[in-house]
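A structural walkthrough
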Amino acid sequence: DLLARVEELIGGELEQAEQVFLSEVSSKHPYVHDVLQHITRFQGKRLRPILLLLSAAATGGIKESHYVLASVVEMIHLATLVHDDVLDDALIRRHVATVNSRWNNETSVLVGDFLFTHAFHLSASLGDARACRLIGRATNLVCEGELAQIYERGNLALSEEQYLQIINGKTAELCAISTQLGALYAGADESVVTALEDYGRSLGVAFQITDDLLDLLGDEEQMGKSLGSDLQKEKLTLPLIRLLDQSSPADQASIQEILSQPDPQTKSRLSQFIKNSDAIEYAANRARDFARQARESLKICAASPARSILEELTEFAIQRTI
Ligand code: 2DE
Ligand code: MG
Ligand code: MG
Ligand code: MG
C-alpha cells in the first residue's frame, strides 16, 4: 500500500528527521519532560514531514537541511494541535488523552508555545533566514484562519468561499509551507517551488474538507480523536453550508435552532437533515476537485517515484471519508 511505498522510498530519511525531532523536543525539567514524552510517544501520520521530504526528492534531492525542516514542520503542527484541542475542548487525540484533558489548559498553552518557539530556534540553525521568514508567515496565517473561524461561529450565512478561505489558513498553509520548503531547499527553480506550494495548498484543502466530513460522520474509536466539535462549537463546515444553501426557509430555521442547542438529540435530527440531502456527496466531490487540482500542479516535475507517491497522497487525503 501507499505507506509501505513511502517507507520504501524515504523511510531512512524520515527516520533521520525523526531523530532530529526527538533529540530537539526535550527538556530537563521533569514536568515538561513528562508532557513532551506524552506528546511524542504517539506518532501521527507524519504527513507534513512526508510531504516535505517527497517534495525535495521530486525536485532535486533530499539534503541535510531537509531533516531539520521536516522536524520543524512537525513541531509546528504538534503545537497547533495542542492548542487546537484546547479551543475545541477535545479529550482524545491519537488514541490517547489530550494534554488539556490529562493535565490542563495552562499546560497546553505553554507546551504549545514551547514547541512553536523551538521550531524557530531550530530553523534558525539552518544559517539563512528564508525558512524562518516563510514559516513565520505561514504560522501567522494559520492563526488568522483559526481567528476567522471563531469570528464566523454561528454565522449561517457563511459562504463556501469564506469557508475555503478559513481552511486555507488553518490547515492548507502548513501543508503548502512543507512542500514549498522541500522544493526550495532542494534548489528547485522558482516556478517549481511555486507549483509545489500550490500542490500542498490544494492537498491541504482537500484534506481539511475530508476532516470536516469525518467530524460529522466519523467514528471516534476508529479515528482516535474527539469528533463532533464543529457542530458543538457552531462552526459551519462544507456539508452544512451546502445543506443550508439547498434548504427551504422553514428547514433553515429548524437547522438554526438545532445548531444553537447542539445536544445529542437535536444533533441526530441534524444528521437526518444532512443524510436526506446531497450535502455529503457535494462536499466529498469538492474534496475530489481539490485533490485533482493538486495532481495538476505536479505536472511540472519530471516523472519519478517521489512524484507518483505525491500524486497518490491526494487520494489518501480524501479517501479517509469512507
Ligand atoms: C485543524 O482543525 C486545524 C488546526 C489549526 C489549529 C491552529 C491553532 C493556532 P480541526 P482536528 C489552534 C495555534 C497556533 C500556534 C501554536 C502557533 O478540525 O479535527 O480542529 O484534528 O482539527 O481537531
Ligand atoms: Mg480540533
Ligand atoms: Mg479546531
Ligand atoms: Mg476536525
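Since we're looking at a predicted model, the values are computed, not measured. (Residues numbered from 1 in each chain as written. Chains lettered and ligands numbered in written order. Predicted model: local features only at pLDDT ≥ 70, side-chain atom pairs only at ≥ 80, totals over all residues. Heavy atoms only, no water.)

Scanning the protein chain from N- to C-terminus turns up 16 helices and 2 strands. Relative to a compact globule of 322 residues, whose C-alpha radius of gyration would be 20 Å, the protein chain shows 20 Å and is just as compact. Each of the three principal axes of the protein chain carries a C-alpha extent, and together these read 60 × 50 × 35 Å. Looking at the protein chain as a whole, 52% of its 322 residues qualify as buried. When contacts within the protein chain are restricted to residue pairs at least 6 apart in sequence, long-range pairs at least 24 apart make up 74% of them. Carbon and sulfur atoms make up 50% of the accessible area of the protein chain, which totals about 14,700 Å². (Helix = DSSP H or I, 4+ residues; strand = E, 2+ residues; numbered from the N terminus. Rg over C-alpha atoms; globule rule 2.2 N^0.38 Å. Buried < 20%, exposed > 50% of the residue type's maximum accessible area, 1.4 Å probe, protein only. Contact = heavy atoms within 4.5 Å. Areas by Shrake-Rupley, 256 points an atom, 1.4 Å probe, with all protein chains shown as cover.)

The local shell around ligand 1 holds 16 residues, among which D84, D88, R93, D211 and K225 are the closest. In the environment of ligand 1, an oxygen atom lies 2.9 Å from a nitrogen or oxygen atom belonging to the side chain of D84. Separating an oxygen atom of ligand 1 from a side-chain N or O atom of K170 is a distance of 3.2 Å. For ligand 1, whose free accessible area comes to 620 Å², the fraction covered by protein is 91%. At the level of secondary structure, the elements contributing two or more residues to the shell around ligand 1 comprise α4 (64-87), α7 (130-151) and α9 (190-217). Of the residues assigned to the shell around ligand 1, the class counts are 5 nonpolar, 4 polar and 7 charged. (Near = heavy atom within 4 Å. Polar contact = N/O pair within 3.5 Å; in protein donor to acceptor, adjacent residues only side chain to side chain. Nonpolar A, V, L, I, M, F, W, Y, C, P; charged D, E, K, R; others polar.)

With respect to the element layout, D211 can be found in helix α9. For D211, a relative accessible area of 14% corresponds to the buried category. A distance of 2.7 Å separates the side chain of D211 from the side chain of K225, its partner in a polar contact. Ignoring any residue separated from it by four or fewer positions in sequence, one finds D211 in contact with K225 and R320.

Our focus in this paragraph is the environment of F114. Of note, F114 is situated in helix α6 (residues 105-123). Classification of F114 by relative accessible area gives partly exposed; the value is 26%. Measuring from C-alpha to C-alpha, the distance between F114 and N168 comes to 25 Å, with 54 residues separating the pair along the chain. Setting aside chain neighbours within four positions, we find F114 in contact with S26, S27, V32 and L36.

Put simply, the protein chain has an average pLDDT of 94, and 99% of its residues get 70 or more. ipTM for the predicted complex: 0.94, alongside a pTM of 0.96. (pLDDT = per-residue confidence, 0-100.)

At a minimum axis separation of 11 Å, helix α3 (residues 47-59) and α9 run at an interaxial angle of 150°. Viewed along their axes, α3 and α9 adopt a mutual orientation that is roughly antiparallel. Two packed elements cross with a definite hand, and for α3 against α9 that hand is right-handed. Judged by residue contacts, L47, R48, L51, S55 and T59 of α3 engage V192, L196, Y199, L203 and F207 from α9. (Axes fitted to C-alpha atoms, helices over the stretch in contact; angles between N-to-C directions. Parallel < 35°, antiparallel > 145°, perpendicular 65-115°, else oblique. Left-handed = near helix turned anticlockwise from the far one by under 90°.)

Attention shifts here to the coordination of the magnesium ion (ligand 3). On the protein side, the magnesium ion (ligand 3) has D84 (OD) and D88 (OD) as donor atoms, found 2.1 to 2.3 Å from it. The metal-metal distance between the magnesium ion (ligand 3) and the magnesium ion (ligand 2) comes to 3.2 Å, with D84 coordinating both. The burial state of D84 is the same as that of D88; both residues are buried. (Donors = N, O, S within 2.8 Å, 3.2 Å for Na, K, Ca; no water.)

Turning next to the environment of N285. Considering the arrangement of structural elements, one finds N285 in helix α15 (residues 279-297). N285 sits in the partly exposed class, given a relative accessible area of 31%. Residues N285 and A206, spaced 79 residues apart in sequence, show a C-alpha to C-alpha distance of 9.7 Å.

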